[in-house]
Amino acid sequence: MDDSGIRAEAAVEVPAEAAGDRCPRRLFTALVPPVAIRAVIAAALPGGLGVRWARAEQMHVTLAFHGAVRDVGALVERIAADAAEHPPIRLRIGGASSFDHHGGSVVWLGADGATEPDRAELRALASRCGASRRFTPHLTLARVRRSQAASALAVAAAVEPVEIVVRDVSVVESMLGAGEDGRALYTVVARPELGGRAGAAWAPQPE
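Cut-offs applied
- Residues numbered from 1 in each chain as written.
- Predicted model: local features only at pLDDT ≥ 70, side-chain atom pairs only at ≥ 80, totals over all residues.
- Heavy atoms only, no water.
- Core = buried A, V, L, I, M, F, W, Y, C linked by side-chain atoms within 4.5 Å.
- Buried < 20%, exposed > 50% of the residue type's maximum accessible area, 1.4 Å probe, protein only.
- Helix = DSSP H or I, 4+ residues; strand = E, 2+ residues; numbered from the N terminus.
- Contact = heavy atoms within 4.5 Å.
- Salt bridge = Lys/Arg side-chain N within 4 Å of Asp/Glu carboxyl O.
- 1 Å grid on protein atoms, 1.4 Å probe; cavity = no way out; pocket = protein on both sides within 12 Å on 5 of 7 lines; lining within 4 Å.
- Points joined across faces, edges and corners; volume = space filled by probe spheres on them.
- Nonpolar A, V, L, I, M, F, W, Y, C, P; charged D, E, K, R; others polar.
- Phe/Tyr/Trp six-rings, centres within 6.5 Å; stacked < 30°, edge-to-face > 60°.
- Pairing = 2+ DSSP bridges.
- Expected span 1.5 Å × (residues − 1).
- Polar contact = N/O pair within 3.5 Å; in protein donor to acceptor, adjacent residues only side chain to side chain.

We now examine the nonpolar core. Core analysis: the largest hydrophobic core is formed by 46 residues, its most contacted members being Leu-31, Ile-41, Leu-63, Leu-91 and Leu-141. In terms of residue count, the dominant contributor to this core is helix 2 (residues 72-84) (5 residues). In this structure, Leu-63 is in contact with Thr-29, Ala-30, Leu-31, Leu-122, Leu-125, Ala-126, Cys-129, Ala-131, Phe-135 and Val-169, ignoring residues within four places of it in sequence.

Dropping the structure here:
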């Protein structure tokens, strides 16, 4: 797993165009906390409540969802160029909340800039990547029935806040139902650096 994995050490950065754009891939761009931070958050989520908590390797902060993408190389080049225009961001993860979703609730931790300049930078980065105007940076912990929301929120509220410095973004492929227990399987396609050199993150493999 690599540290994005979203399948962290297991996710492999794979240039999609090595296979030649044969079919669209479901992609999103996200910030992925370090493995150790996600492990601590996951360890704070108890069993026994009937809640299907997110696994550590699935935890991330979505910046933008791109849908089905055929020209993955072009998308990665664009995201790399966008990332190059923004410095690393200090992110504060903590503080529980929820929103309604398909008759249930999504319980999450806030994941916003630690300072006002960081918050502004995060929103500017998300906008460049394609976020909606309603962008609310968060790290999803669970999707629950409304009857479970109060207890899940209480657990999330007890997670100790933490600050990290984010130095890159991850372009991630999502394969619904392909992971363990029918969960989504996430694979990192590229990880452009913030403040890095545009174009440096994408290198198609020879056919």
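Okay, back to it.
Per the stated rule, a full pass over the model turns up 7 salt bridges. The salt bridge partner of Asp-82 is Arg-128, with a shortest N-O separation of 3.1 Å. Linking Asp-82 in helix 2 with Arg-128 in helix 3 (residues 116-129), this pair joins segments that are 46 residues apart in sequence. With relative accessibility at 39%, the residue Arg-128 sits in the partly exposed group. One salt bridge connects Glu-116 with Arg-119, and the closest N-O pair in it is separated by 3.2 Å. Here Glu-116 and its partner Arg-119 are both found in helix 3, 3 residues apart, which amounts to about one turn of the helix. Take Arg-119: its relative accessible area is 27%, and that puts it in the partly exposed class. Here the residues in one salt-bridge network are Arg-78, Asp-82 and Arg-128, joined through shared partners.

In this model, the largest pocket occupies a volume close to 1,100 Å³. Forming the boundary of the largest pocket are 33 residues, of which His-60, Thr-62, His-138, Thr-140 and Arg-143 lie nearest the centre. Of the residues that constitute the lining of the largest pocket, the class distribution is 18 nonpolar, 10 polar and 5 charged.

In this section: the packing of aromatic side chains. For the structure shown, the criterion picks out 2 aromatic pairs. An angle of 80 degrees between the planes, with centres 5.3 Å apart, marks the rings of Phe-28 and Tyr-186 as edge-to-face. Note that Phe-28 is positioned in strand 1 (residues 25-31) and Tyr-186 in strand 8 (residues 185-190), a separation of 158 residues in sequence. Assessed through its relative accessible area of 5%, Phe-28 is described here as buried. Residue classification places Tyr-186 among the buried positions, given a relative accessible area of 14%. The interplanar angle of 40 degrees and the centroid separation of 6.5 Å between the aromatic rings of Phe-99 and Trp-108 together place this pair among those described as tilted.

Regular strands place side chains that alternate from one sheet face to the opposite one. Among the 10 residues that make up strand 4 (residues 104-113), 10 are buried, leaving the element largely enclosed by the rest of the structure. Where strand 3 (residues 89-101) lies against strand 4, 9 bridges are found, and the strand directions are antiparallel. What sits directly across from Ala-96, in strand 4, is Leu-109. Connecting strand 3 to the next strand, strand 4, in antiparallel fashion are 2 residues, including His-102 with a positive phi near 50 degrees.

Once that is clear, we can look at helix 2. Since the α-helix packs 3.6 residues into each turn, any two residues three or four apart lie on the same face. With 13 residues, helix 2 extends 18 Å from end C-alpha to end C-alpha; this agrees with the ideal 18 Å at 1.5 Å per step. Where helix 2 is concerned, the buried positions are Val-72, Gly-73, Leu-75, Val-76, Ile-79, Ala-80, Asp-82, Ala-83 and Ala-84. Where the residues of helix 2 are buried, they touch strand 1, strand 2 (61-69), helix 3, strand 7 (170-175) and strand 8.

The residue Thr-29 is located in strand 1 in this model. A distance of 2.7 Å separates polar atoms of two side chains, one belonging to Thr-29 and the other to His-66. Dropping the residues within four chain positions of it, Thr-29 is found in contact with Val-61, Thr-62, Leu-63, Ala-64, His-66, Ile-79, Cys-129, Val-169, Ser-170 and Val-171.

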